[in-house]
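# A closer look at the structure
Given next are the chains, with one letter for each unit.
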Amino acid sequence: FAHTFMLPFDHQDVFAAIMEPTLPLGIGCVPTAEVALLEVGQDMNCPVSVGCIRKVSFGKPFEGFIVSELVEVQAPAYFRWKIRESDATFNLVTNKRDRTINPECTIELRPAKRGTQVTLAYYFDHIQVQGQGVWCLLKPVVPLLLKWWLWKSVAPTWAESMLKKGYATVNTDRSDYIGSAIVPGTRAYRSAQQKVRDVEEEMRIKGLTKLGRSKDMEEEMRIKALALI
């Protein structure tokens, strides 16, 4: 499945933040995550390039690790990661009959008027849940929970992470900057935070509108089906 959202930052900056070797955008949003490069990529001047193998370890409550290989990069717009090994609370799994196919994750960036349109896509067959207690009870709804978490959390956490890394939102006054870094607590920082909230609210409204339309369509189909009975 896929999830698309907006970030009020230039797509070149978003690309650079994702390319960071030790605290990349996205993974760096998870407080308990630790990133280690097991192998650098083919480009000697860029550790995070095609062929790079990365291990991400998670603490509680999502204990475990994921080992992924970067198999494709199209700067500054596209990443494709292939999961080589996974042993965590939630594991993306492909068809067990064909072990040559690995789960994948892609990130696509598109310049937009108000920043960058980001599309996260995950390719897998099902989600394996490890653990006991509440995790076992959640197995049937884990895919829905993952989609809900992406819709609710990924945009604000990525945007806040971009601010903490010092990146400026689009059309931000640069009077409160040191070099290229925005200074927390300044007018520019507060303005950037407000722009992030504005974009989040716009996306939330659009999402609710689409959700409402889909519910209307479901109700219409249900009525039509009853009419045929």
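The structure this text deals with has already been given above.
Figured I'd write up the structure that's included with this text. Everything quoted here is computed from the prediction, not taken from an experiment.

Across its full length, the chain holds four helices and eleven strands. Expressed as a percentage of the 229 residues in the chain, the buried residues total 36%. Relative to all contacts within the chain whose residues are 6 or more apart in sequence, the contacts with residues 24 or more apart total 54%. By element, 56% of the accessible surface of the chain is carried by carbon and sulfur atoms, the whole surface being about 13800 Å².

So, about the environment of E108. Looking at where E108 falls in the secondary structure, it is placed in strand β7 (residues 104-112). The spatial distance from the C-alpha of E108 to the C-alpha of Q74 is 9.3 Å, given a sequence separation of 34 residues. Leaving out residues up to four positions away in the same chain, E108 has contacts with A77, Y78, Q117, V118 and T119. Here the side chain of E108 touches R110 through a polar contact of 2.9 Å, side chain to side chain.

Right, let's talk about unusual backbone geometry for a bit. Omega for the bond connecting A75 with P76 falls within 30 degrees of zero, at -5 degrees, which places this linkage in the cis form. Secondary-structure assignment places P76 in the loop between β4 (64-74) and β5 (78-88).

The rules behind the values
- Residues numbered from 1 in each chain as written.
- Predicted model: local features only at pLDDT ≥ 70, side-chain atom pairs only at ≥ 80, totals over all residues.
- Heavy atoms only, no water.
- Helix = DSSP H or I, 4+ residues; strand = E, 2+ residues; numbered from the N terminus.
- Buried < 20%, exposed > 50% of the residue type's maximum accessible area, 1.4 Å probe, protein only.
- Contact = heavy atoms within 4.5 Å.
- Areas by Shrake-Rupley, 256 points an atom, 1.4 Å probe, with all protein chains shown as cover.
- Polar contact = N/O pair within 3.5 Å; in protein donor to acceptor, adjacent residues only side chain to side chain.

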